[in-house]
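Remarks on the overall topology
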Amino acid sequence: MKRSFLAWILVLAATGVQSVAAQNEVVTPRSYALTNARIVVAPGNIIEQGTVVFRDGRITAAGANAQVPAGVIPLDLGGATVYAGLIDVANGAGLPAIAAGGRGGGAGGEPTPSGPPPELNPGLNAADAFSPDAGLLANYRAAGVTTVGLAFNGGIFPGRVSAVSTRDGTPSSLVVRSPVAQQVGFGRKRGGYPGTLMGVLAYIEQSFKDARHDARLKAAFERSPGTSPLPPYDSEHEALQPAAGGTMPVWFAASSAYDIERAIDLAAQLGIEEYTIVGGQEAFKVASQVREAGRTVIVSLDFPNPNQMTGRSFELHVAPVSGEDTAAEQADSAAARTLRGNAAALADAGVPFAFSGMGLSTPAEFRRRVLALVDDGLSPDAALGALTVTPATVLGLAAAMGTVEAGKIANLVVVSGDLFDEDAGILHVFVQGEKYDIPPPSAAGGRGGGTGGGGGVAMAAGEWSGSMDMQGQVFPFTLTITGQNDALSATLGTEMGSTAMRGDMAEGRLTLNGVFDSPNGQLAISLNAGIEGNEMTGTVDVEGMGSVSLTARRGGATGRTNATMDGGNR
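Residues numbered from 1 in each chain as written. Predicted model: local features only at pLDDT ≥ 70, side-chain atom pairs only at ≥ 80, totals over all residues. Heavy atoms only, no water.

1. What about the overall build of the chain?
Broken down by element type, the chain carries 14 helices and 24 strands. The buried share among the 570 residues of the chain stands at 51%. Taking the intrachain contacts of the chain between residues at least 6 apart in sequence as the baseline, contacts between residues at least 24 apart amount to 61%. Surface summary for the chain: the accessible area is close to 23,900 Å², and the carbon and sulfur share equals 50%. (Helix = DSSP H or I, 4+ residues; strand = E, 2+ residues; numbered from the N terminus. Buried < 20%, exposed > 50% of the residue type's maximum accessible area, 1.4 Å probe, protein only. Contact = heavy atoms within 4.5 Å. Areas by Shrake-Rupley, 256 points an atom, 1.4 Å probe, with all protein chains shown as cover.)

Below is the structure:
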């Protein structure tokens, strides 16, 4: 039976969603039961056949005997494997470049007209500077990455680490935790002090001491404002006070063996108890010191050139009197193997580590390099731990993610076989319970890649007509979409008028957002649908009023599907 779209809005507004939901079991788009699944709960903990249930983006059950409750969307995985969502624990993609002469340098670095130079900006949260390129989040998901630790690349006090999810949304809506840690590096300040390594070490030490001194003066003034002197204010010292006071962890950027030793010594000298080594490309050389210090290493997968390895310049190479000179080539090959064996050496030494894609060209390369390390001898369990459990711990999110257990956020990766099998494909990724279907290589330009829109995948533009269906009540609509997949404009038309919408299409999923003018005021409206050829299926959500299912066809009418309601808790 047909009713007006306006009538649906008015009924929901007048009676409330709960009274409608009471008549039928509520099914939300972020509530699933993944059945007939092989579940890797954590490294070394595997359920060969079971079910993962999550409601509203949170896992409620995972096990061989987990029951499928009413009110969730069942999805038979046909024996595919479910892993916890992967975490790239330290990456600067989507962040501004940090300068600096010396180690950890990059482009940029000039002081801004209204603020500090990027090398010395400890109060900057990475989440506030995050501006991902179109398709970056989709590319992360295509590689199985559901969480990213945002970290600046270079500098001395470049800012603070944040953690973000890779679901679709505005940068601010993606933030999971911020700040996570204070970044400290051994870069240089271009064009001024500190411009040498000795100066940088002295600057870091003095800055921490000054921050503590200012904090003591501030505390004294707050205790006795009538007798204590006014405390000084320095924005840099103010920003460093949580780290200097031990209430915020420190991440030391240190890749060479010498810098790792410097970081350990500096932390001991300054009394910093909670810190992590970031980069760690030569951590294998000082694994015993790192283990004795009780540190975790964030291992960069951007392997350095063998000629940059500490000590290579002192190697003696004598060309043979006759014949081909292969000694140098063999030495380079041996050094490269040693550098790639960094993670395996740390695992053998009992040093916890996580993986970082900092400096890699794409998220797909991040996954490929992990697969290569497993091929070279790193155990799959150690690799999985470095992609899930350890990074979750380093980011302060161990209670929320990293394993497939009840109570954890539904960040999950569904793989056609084993995650570390090069021939296995990622089928689905769930980020906070939101389902993303990963296209096969032919549609995405290569396994684990993806473009985030356009580029040989289905296009959304066109004239669509269809119906929205809620509990047998049908509301016809038209949808006119123009533009390219990464920047779409649309008009949703119903019998009561039209609504302008904007959005994009990535991985075969169309997302449009707009504002609906109802008699009860303006309401946000969003459309999320999948497109295959000229067929569209999905949902329309109205702010605070739940969702209805939709079907549409490009150029013609379409039938109906069963309705779902959200209950307003999105």
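Now that the structure has been shown, we can carry on.
2. Re the packing of aromatic side chains
If you walk through the whole model with that rule in mind, you get 8 aromatic pairs. Considering the side-chain rings of tyrosine 32 and phenylalanine 430, the 5.3 Å spacing of their centres and the 65° angle between planes classify their relative orientation as edge-to-face. One end of the pair, tyrosine 32, is in strand β1 (residues 32-42); the other, phenylalanine 430, is in strand β15 (residues 426-431), with 398 residues separating them in the sequence. You can call phenylalanine 430 buried: its relative accessible area is 0%. We note arginine 141 situated over the ring of tyrosine 436; from NZ or CZ to the ring centre the distance is 3.9 Å. The ring of tyrosine 275 is capped by arginine 295, whose NZ or CZ atom sits 4.2 Å from the centre of that ring. (Phe/Tyr/Trp six-rings, centres within 6.5 Å; stacked < 30°, edge-to-face > 60°. Lys NZ or Arg CZ within 6 Å of the ring centre and 35° of its normal.)

3. Things to note about the pattern of salt bridges
For side chains bearing opposite charge, pairing can occur when the charged atoms are close. On inspection of all chains with the given rule, the structure shows 12 salt bridges. Between lysine 218 and glutamate 238 there is a salt bridge, with its nearest N and O atoms 2.7 Å apart. Of this pair, lysine 218 sits in helix α5 (residues 197-223) while glutamate 238 sits in helix α6 (residues 235-244); the two residues are 20 residues apart in sequence, bridging distant segments of the chain. Overall, the relative accessible area of 24% leaves lysine 218 in the partly exposed class. Glutamate 535 is the partner of arginine 553 in a salt bridge, and the nearest nitrogen-oxygen pair spans 2.0 Å. Placement of the pair is arginine 553 in strand β24 (residues 546-554) and glutamate 535 in strand β23 (residues 535-542), with a sequence separation of 18 residues. We classify arginine 553 as partly exposed; its relative accessible area is 35%. (Salt bridge = Lys/Arg side-chain N within 4 Å of Asp/Glu carboxyl O.)

4. Some thoughts on the environment of phenylalanine 516
Looking at the element boundaries, phenylalanine 516 is found in strand β21 (residues 509-518). Given the relative accessible area of 5%, phenylalanine 516 is considered buried. Sequence-wise, phenylalanine 516 and serine 498 are 18 residues apart; in three dimensions their C-alpha atoms are separated by 8.4 Å.

5. Comments concerning the pairing of strand β8 (residues 160-165)
Among the 6 residues of β8, 6 are classified as buried, and the element is accordingly described as predominantly covered. Of the two faces of β8, the one lined by Arg160, Ser162 and Val164 and the one lined by Val161, Ala163 and Ser165 are each fully buried. Bridging between strand β7 (residues 145-150) and β8 involves 4 bridges; their strand directions are antiparallel. Pairing of threonine 147 across the sheet is with serine 165, part of β8. Pairing of β8 with strand β9 (residues 175-185) involves 4 bridges; the strand directions are antiparallel. Within β9, the position partnered with valine 164 by the bridge is valine 175. (Pairing = 2+ DSSP bridges.)

6. Considering the nonpolar core
In terms of nonpolar packing, the biggest core is built from 80 residues, with Phe157, Ile204, Phe208, Phe252, Phe353, Phe355 and Phe420 touching the most fellow members. Counting 26 residues, the second largest nonpolar core, distinct from the first, contains Leu479, Leu488, Leu492 and Ile525. (Core = buried A, V, L, I, M, F, W, Y, C linked by side-chain atoms within 4.5 Å.)

7. Description of the packing of α5 against α6
Where α5 meets α6, the closest approach of the two axes is 8 Å, and the angle between their N-to-C directions is 90°. Here α6 runs roughly perpendicular to α5, going by the angle between their axes. Facing α5, whose interface residues are Tyr203, Ser207, Phe208, Asp210, Ala211, Arg212, Asp214, Ala215 and Lys218, α6 presents Glu236, His237, Glu238, Leu240, Gln241, Ala243 and Ala244. Residue composition of the contact of α5 with α6, by class: 7 nonpolar, 3 polar and 6 charged. (Axes fitted to C-alpha atoms, helices over the stretch in contact; angles between N-to-C directions. Parallel < 35°, antiparallel > 145°, perpendicular 65-115°, else oblique. Nonpolar A, V, L, I, M, F, W, Y, C, P; charged D, E, K, R; others polar.)

8. As for unusual backbone geometry
What is expected of a backbone is that most residues other than glycine have negative phi and most peptide bonds are trans. The omega angle of the peptide bond from serine 178 to proline 179 is -5°, so this bond is cis rather than trans. Its place among the elements puts proline 179 in strand β9. The residue asparagine 36 is not glycine, and still its phi comes out positive at about 50°. By the secondary structure assignment, asparagine 36 is in strand β1.

9. A look at the sheet that holds strand β6 (residues 86-91)
Spatially, the 8 strands line up as an open sheet ordered β6-β7-β8-β9-β10-β11-β12-β13, and their pairing is mixed. Looking along the sheet, the strands with just one partner apiece sit at the ends: β6 and β13 (353-356). Neighbour to neighbour, the strand axes of the sheet diverge by 25° on average, direction disregarded. In the sheet, β9 pairs with strand β10 (residues 250-254) via 4 bridges, with the strands oriented parallel.

10. Overview of a negative patch on the surface
Among the surface-exposed residues, Asp375, Asp418, Asp421, Glu422 and Asp423 lie close enough to one another that they form a single negatively charged patch. When you line up the elements, glutamate 422 lands in the loop between β14 (412-415) and β15. According to the relative accessible area criterion, glutamate 422 is exposed, its value standing at 59%. (Patch = residues over 30% accessible without salt bridge, like charges linked within 9 Å, V, L, I, M, F, W, Y side chains within 5 Å. Lys, Arg positive; Asp, Glu negative; His and termini not counted. Charge placed at Lys NZ, Arg CZ, Asp CG, Glu CD.)

11. Looking at the pairing of strand β11 (residues 275-279)
The buried fraction of β11 amounts to 5 of the 5 residues, a majority that puts the element mostly inside the structure. Where β10 lies against β11, 5 bridges are found, and the strand directions are parallel. By the bridge assignment for β11, phenylalanine 252 is matched with isoleucine 277. The parallel pair β10 and β11 is bridged by helix α7 (residues 257-270), and the resulting crossover is right-handed. When β11 meets strand β12 (residues 297-300), the two strands line up parallel, connected through 3 bridges. Note on β12: the bridge partner recorded for glycine 279 is valine 299. Handedness of the β11-helix α8 (residues 287-293)-β12 crossover: right-handed. (Right-handed = clockwise from strand over helix to strand, strands pointing away.)

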